[in-house]
There are 2 protein chains.
Amino acid sequence: MNDRAPSYVKPGESFDRDTNYIEDRITRDGRDGWPVEAGRYHLVAARACPWANRTTIVRRLLGLENAISLGLPGPTHDMDSWTFDLDTDGRDPVLGVERLQQSYFTRFADYPRGITVPALVDIPSGGVVTNNYPQITIDFETEWVDHHRQGAPDLYPEHLRAEIDEVAELIFHDVNNGVYKCGFAGSQKSYDRAFATLFSRLDWLEERLTSRRFLVGDTITEADVRLFTTLVRFDVVYYGHFKCNRNLLSEMPALWAYARDLFQTPGFGDTIDFLQIKQHYYLTHVDINPTGILPGGPDTSRWLDPHGRESLGGRPFGDGTPPGAPRADERVPAP
Amino acid sequence: MNDRAPSYVKPGESFDRDTNYIEDRITRDGRDGWPVEAGRYHLVAARACPWANRTTIVRRLLGLENAISLGLPGPTHDMDSWTFDLDTDGRDPVLGVERLQQSYFTRFADYPRGITVPALVDIPSGGVVTNNYPQITIDFETEWVDHHRQGAPDLYPEHLRAEIDEVAELIFHDVNNGVYKCGFAGSQKSYDRAFATLFSRLDWLEERLTSRRFLVGDTITEADVRLFTTLVRFDVVYYGHFKCNRNLLSEMPALWAYARDLFQTPGFGDTIDFLQIKQHYYLTHVDINPTGILPGGPDTSRWLDPHGRESLGGRPFGDGTPPGAPRADERVPAP
């Protein structure tokens with residue numbers, strides 16, 4: 001560990017996620033100064049990050065690729081910033097910057113909080129418009145409607161919004177952020193509490209998903225996107241690295257089949273890069289994996305095993321259709 | 001991490017186990033000065049340690065409890081020594097010492113190597129006779145015959161010794177020590193190599209044990225004891241802590257059933273304390289688990305699930321019988 005190494009675990013403390021974000025919204029009416037406009041905004045979303053992954057999935061499902069370009073920082077970052085180390089000459093080709101921090105500083109010269117992904121950047125000015133991920137996907141679904149592809153599904157149907165929000169809230173605290181509370185616990189007590197809460201919520205989800213194909217209604221919604229991004233990282237990272245090891249996801253039959261069903265649906269699995277996910281967690285969190293060794297397992301090809309969930313009925317895309325193949329420059333390796 | 005914290009991982013290096021031990025033997029003819037004699041020697045063997053676990057199992061299977069007393073250091077130790085912190089007033093009741101190091105220094109005032117368990121201590125002089133664990137169990141089996149209980153099995157039958165030695169040698173390098181080579185690897189390359197070797201050997205064992213109940217012959221032998229002590233720690237520690245995560249033991253049907261079969265055999269499972277095992281690895285290796293958090297999983301009660309291995313035939317104790325219940329002062333918690 002060196003002086004530049006970030007510290008995620010605070011001895012004696014529970015993990016407390018900073019949920020203050022830049023809350024500007026890009027809307028049809030442009031009331032915050034940021035009108036919906038094809039080609040104007042660049043979505044910066046590392047493959048590794050579960051919060052960013054929500055936005056890459058929703059962008060794919062809705063066919064927003066031509067309206068909103070995608071910047072992909074590498075899997076690791078230092079104390080200060082995500083970096084565009086995967087790009088030729090280490091610069092994002094649209095923004096021309098090496099570090100996402102530059103786009104934050106362009107917006108606010110003294111931006112004091114974490115440099116997070118996803119971030120939507122205004123290409124003309126080079127500044128970050130918003131990093132408020134729970135709102136970003138909702139706005140993709142409700143404000144960017146004119147730019148959706150033909151056959152785009154309704155991921156946030158009006159009559160189901162209350163239920164989606166309610167389920168998503170439980171999932172956020174207990175699962176999405178719950179795994180971090182386990183992994184970054186600064187005391188045995190805070191770990192034990194987070195561990196119990198996480199698995200009790202997963203048991204609840206296992207039961208809910210035993211008789212229904214999707215979380216809310218009979219089609220894929222925003223709630224499924226939010227659960228998926230944690231489930232897809234569970235066995236490969238959270239089980240070992242974050243000590244979420246009561247059982248593997250693959251030991252929960254309904255949840256595991258549900259997750260595979262989504263993975264095999266166009267727009268989900270084609271946003272997942274398991275190697276980048278491993279690299280992110282095992283290399284970045286030097287205070288819980290000081291050796292920096294990447295584990296060799298588990299076998300991620302099992303994500304392609306048949307899931308058998310069709311027998312539960314459901315219409316994944318409702319009255320819509322699946323998206324086509326990803327753009328050539330946005331393809332991920334096979335699992 | 002503090003100055004007194006031991007370091008197990010040497011950056012850039014593979015893990016290299018010091019296999020130099022005090023090689024004196026306790027024999028019937030007493031040729032090294034240590035004749036077999038009931039009540040004279042004290043076996044110091046932490047529940048946590050897989051190498052010590054071999055000796056506690058063999059002592060139980062052969063019924064040597066009345067001939068050789070047992071000292072049980074706690075699960076954790078510092079740089080210098082295992083300690084008797086579980087005993088009343090922190091002293092081993094037979095030896096009267098607080099730290100096993102004292103028994104090593106009584107034997108050799110300048111003993112330069114690690115203070116390891118198992119160790120056999122000569123009670124009259126208070127000095128360690130031997131810590132050479134691969135020999136200790138063989139000597140229990142072949143030199144202590146006059147003190148075996150009635151019905152004790154032959155764990156090292158003459159006509160199978162060559163095969164037992166051969167299998168045990170492969171298991172030692174690739175599995176028993178193989179998991180440590182994964183966990184203490186100082187480079188990605190040495191980890192990757194150890195990981196591949198470990199799982200290729202487990203695949204070989206999985207196949208071997210699909211059609212035969214035990215490793216060598218049709219009864220329990222020394223080879224099974226040596227494999228068991230690693231398998232029983234696999235899911236609870238090695239999978240996560242040592243990154244041996246291609247798959248859980250419980251995902252290898254034959255090996256998992258084989259391990260449960262042994263666990264449920266008197267003399268095996270009744271030497272296992274899963275909490276002490278977890279505490280040992282997760283609290284002692286501060287350089288790979290700096291937070292000192294103990295994981296909550298996995299569920300160890302599954303070790304009692306039916307194993308169905310009877311259908312393969314085999315006679316666990318050969319012409320002998322299982323041992324009776326453990327002594328009251330040597331009982332372990334239920335899994």
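What comes next is a walk through the structure. Being a predicted model, the structure only gives us computed values, none of them experimental.

Thresholds applied
- Residues numbered from 1 in each chain as written.
- Chains lettered and ligands numbered in written order.
- Predicted model: local features only at pLDDT ≥ 70, side-chain atom pairs only at ≥ 80, totals over all residues.
- Heavy atoms only, no water.
- Pairing = 2+ DSSP bridges.
- Helix = DSSP H or I, 4+ residues; strand = E, 2+ residues; numbered from the N terminus.
- Axes fitted to C-alpha atoms, helices over the stretch in contact; angles between N-to-C directions.
- Phe/Tyr/Trp six-rings, centres within 6.5 Å; stacked < 30°, edge-to-face > 60°.
- Lys NZ or Arg CZ within 6 Å of the ring centre and 35° of its normal.
- Buried < 20%, exposed > 50% of the residue type's maximum accessible area, 1.4 Å probe, protein only.
- Right-handed = clockwise from strand over helix to strand, strands pointing away.
- Least-squares fit on C-alpha atoms with pLDDT ≥ 70 in both.
- Contact = heavy atoms within 4.5 Å.
- Buried area = accessible area lost by both parts, 1.4 Å probe.
- Salt bridge = Lys/Arg side-chain N within 4 Å of Asp/Glu carboxyl O.
- Polar contact = N/O pair within 3.5 Å; in protein donor to acceptor, adjacent residues only side chain to side chain.

**Details of the sheet that holds strand S4 (residues 128–130) of chain B**
Residue and element names in this part refer to chain B.
Next up, step 1: Within the open sheet, the four strands sit side by side as S2-S1-S3-S4. Their pairing is mixed. Strands with a single pairing partner mark the edges of an open sheet, and in this sheet they are strand S2 (69–71) and S4. Sheet twist, expressed as the mean angle between neighbouring strand axes with direction ignored, is 40°.
Next up, step 2: Pairing of strand S1 (residues 41–44) with strand S3 (residues 119–122) involves four bridges; the strand directions are antiparallel. Residue pairing for S3: His-42 is matched across the bridge by Val-121.

**Focus: the packing of aromatic side chains**
Next up, step 1: Applying the stated rule across the entire model yields 57 aromatic pairs over all chains.
Next up, step 2: Judged by centre distance (6.2 Å) and plane angle (45°), the ring pair of A:Tyr180 and A:Tyr281 falls under tilted. Of the two residues, A:Tyr180 sits in helix H5 (residues 178–183) while A:Tyr281 sits in helix H9 (residues 274–284), which places them 101 residues apart along the sequence.
Next up, step 3: Over the aromatic face of A:Tyr180 sits the side chain of A:Arg17, whose NZ or CZ is 4.5 Å from the ring centroid.
Next up, step 4: Directly above the ring of B:Trp204 sits B:Arg201, whose terminal nitrogen or CZ lies 4.7 Å from the centroid.

**Comments concerning the pairing of strand S1 (residues 41–44) of chain A**
Residues and elements named next belong to chain A.
Next up, step 1: Judged by which residues are buried, S1 turns out to be covered on both faces: Tyr-41 and Leu-43 on one side and His-42 and Val-44 on the other are all buried.
Next up, step 2: Alignment of S1 against strand S2 (residues 69–71), held across three bridges, turns out to be parallel. Following the sheet pairing, Leu-43 is matched in S2 by Leu-70.
Next up, step 3: Read as a crossover between parallel neighbours, the route from S1 over helix H1 (residues 50–62) to S2 is right-handed.

**Overview of the relation of the copies chain A and chain B**
Next up, step 1: Once turned by 180° and shifted 0.0 Å along the axis, chain A lies on chain B with an RMSD of 0.0 Å. The relationship between the two copies is best expressed as a two-fold rotation axis. In terms of C-alpha distance to the rotation axis, chain A has A:Gly240 as its closest residue, with the C-alpha 2.3 Å off the axis.
Next up, step 2: Taken together, the interface assignments show that 100% of the residues at the interface of chain A recur at the interface of chain B, consistent with an identical surface on both copies.

**Quick look at the interface of chain A and chain B**
Next up, step 1: If you look at the interface, chain A gives 28 residues, while chain B gives 28 residues.
Next up, step 2: Of all residues in chain A, A:Lys243, A:Asn245 and A:Ile293 give up the largest surface area on contact with chain B, accounting jointly for 25% of the area buried on that side.
Next up, step 3: Summed over the shared surface of chain A and chain B, the number is two salt bridges.
Next up, step 4: For A:Arg302, the salt bridge goes to B:Glu251, with nearest N and O atoms at 3.2 Å.
Next up, step 5: Where chain A touches chain B, the interface holds 10 residue pairs in polar contact (both at pLDDT 80 or more).
Next up, step 6: Of all the elements, helix H6 (residues 188–211) of chain A adds the most residues to the side of chain A that touches chain B, at three residues.

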